[in-house]
Amino acid sequence: MTWISGPLVAFDLETTGTDVETDRIVTAAVVRLEPDGAVSAERTWLLDPGVAIPEQASAIHGISTGHAREHGVPAPSGVEEITQAVSAVLRAGTPLVVMNARYDLSLLDRECRRYGLRSIGERLGIEPSPVIDPLVIDKHVDRYRKGKRALHALCAHYGVSLEDAHDARADAVAAARVVRRMGEKHRPVGTMSLTDLHDLQVRAAAAQSASLQAYLRRTTDPAAVVESSWPVIPRSR
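**Q** Explanation requested: the packing of helix α6 (residues 134–141) against helix α8 (residues 168–185) in the structure shown.
**A** When two helices pack together, their arrangement is given by the angle between the helix axes and by the axis-to-axis distance. Between α6 and α8, the shortest axis-to-axis distance is 10 Å and the interhelical angle comes to 25 degrees. As judged from the angle between their axes, α6 and α8 are roughly parallel. Note that α6 runs across α8; the crossing there is left-handed. Residues Pro 134, Ile 137 and Asp 138 of α6 form the contact with α8, whose participating residues are Ala 175, Val 178, Val 179 and Met 182. Considering only residue class, the contact of α6 with α8 consists of 6 nonpolar, no polar and 1 charged.

In C-alpha cells, the structure reads:
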C-alpha cells in the first residue's frame, strides 16, 4: 500500500503574522482524512495569543483580538495540546500533511520554546517525520509551471474544492486532498515510501531555497539569505 491509498492527517495554523520567531498561534486544526477523502476525526483550537492580533492578520483569518481574548484558551495550554496532538500523529507513523511546513512547524517550535514546553522533536527524539508538504512537492514535480503556488492556487490546479479559505480546518482538509491528488498524478512521488518521500522533500526544499536566494541576489537584495532547512528551521539560540 502506498501513502496515497492510506489515511492522512493534516495540520494547519492561522497566526498573528508571518515571522516564525515572533508571531503567535491564533487557531489550529489537526484533521484525519481517510483514503476516500472523508474527514474521520478532527480537533481545532482557538487561542488567546497573549498579544494584540494585527488588523492585517484579522482581515485574513477573521479572528480579532477581542474575540480571541474572550473565547480562546490561554496560549501555553493551547500550544501544549496542539504539540501533543501533532506528536501523537507522527509517533504513530501517520503522514502529517502541512502546507508550507517550514512555517507552521517552525512557528509551533518557537511557541514551545516561548512557554518552556517540549518541542515535537524533543518529544519524538528526532526531527518531525513523516511530513508531506504540498508546496515543496508541487515545486519539485512541476518546477517550471508559472503562477502562484499558494493553497488556493494549488486547489484550483489540482481540482480540489477550497471553501472558507484561511480557516485552519478548511485549509488542512484542502491541503491533504491536494497532496493526494499530486501523488495520484505524479506516480513516482505517489509510490515512494514515506521515508524516501520525506528525504526527497528535504533535498528539494534546500534546492528550492538555493534557487530563490540566487534569484533575490540577482534582482533585489544581494545580501539575501533564505532558510534552507526543512521541515523545521533550526533555532538560532
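Picking up where we left off.
**Q** Where do I start with the pairing of strand β3 (residues 39–48) in this structure?
**A** Remark: a regular strand shows side chains that alternate across the two faces of the sheet. In terms of strand pairing, strand β2 (residues 25–33) meets β3 through 7 bridges, oriented antiparallel. Paired with Ala 28 across the strands is Trp 45, a residue of β3. The turn linking β2 back onto β3 is made up of 5 residues, and Gly 37 within it adopts a positive phi angle of 90 degrees. Sheet topology places β3 next to strand β4 (residues 73–74); 2 bridges connect them, and they run parallel. Its bridge partner being in β4, Asp 48 is matched across the sheet by Pro 74.

**Q** Could you clarify how one ought to interpret the pattern of salt bridges in this entry?
**A** A side chain of one charge can pair with a side chain of the opposite charge if their charged atoms are brought near each other. Enumeration according to the criterion identifies 12 salt bridges in this entry. Salt-bridge contacts for Glu 42 lead to Arg 169; the nearest nitrogen and oxygen are separated by 2.8 Å. One end of the pair, Glu 42, is in strand β3; the other, Arg 169, is in helix α8, with 127 residues separating them in the sequence. For the salt bridge of Arg 114 with Glu 111, the shortest nitrogen-to-oxygen distance reads 2.4 Å. In this pair, Arg 114 and Glu 111 both sit in helix α4 (residues 101–114), 3 residues apart, roughly one turn of the helix. Via salt bridges that share partners, Glu 21, Asp 109, Arg 110, Arg 113 and Arg 235 belong to a single interconnected network.

**Q** Help me understand the layout of surface pockets, please; the structure alone is not making it clear to me.
**A** In this approach the atoms are scanned with a rolling probe the size of a water molecule, which exposes any empty space left behind. There is about 620 Å³ of room inside the largest pocket. The wall of the largest pocket is formed by 22 residues, among which Leu 13, Glu 14, Tyr 103, His 166 and Asp 171 lie closest to the centre. Counting only elements with at least two residues in the lining of the largest pocket, the list comes to β1 (8–15), α1 (55–61), α4 and α7 (151–158). In terms of residue class, the lining of the largest pocket is made up of 10 nonpolar, 8 polar and 4 charged. Of the voids in this model, the second largest pocket is the one considered here, and its volume is about 390 Å³. Along the wall of the second largest pocket there are 13 residues; nearest its centre are Lys 139, Arg 143, Ala 207, Gln 208 and Ser 211. Within the residue set of the lining of the second largest pocket, elements represented by two or more residues are α6 and α10 (194–219). Grouping the constituent residues of the lining of the second largest pocket by class yields 5 nonpolar, 4 polar and 4 charged.

Definitions and limits used
Residues numbered from 1 in each chain as written. Predicted model: local features only at pLDDT ≥ 70, side-chain atom pairs only at ≥ 80, totals over all residues. Heavy atoms only, no water. Axes fitted to C-alpha atoms, helices over the stretch in contact; angles between N-to-C directions. Helix = DSSP H or I, 4+ residues; strand = E, 2+ residues; numbered from the N terminus. Parallel < 35°, antiparallel > 145°, perpendicular 65-115°, else oblique. Left-handed = near helix turned anticlockwise from the far one by under 90°. Contact = heavy atoms within 4.5 Å. Nonpolar A, V, L, I, M, F, W, Y, C, P; charged D, E, K, R; others polar. Pairing = 2+ DSSP bridges. Salt bridge = Lys/Arg side-chain N within 4 Å of Asp/Glu carboxyl O. 1 Å grid on protein atoms, 1.4 Å probe; cavity = no way out; pocket = protein on both sides within 12 Å on 5 of 7 lines; lining within 4 Å. Points joined across faces, edges and corners; volume = space filled by probe spheres on them.

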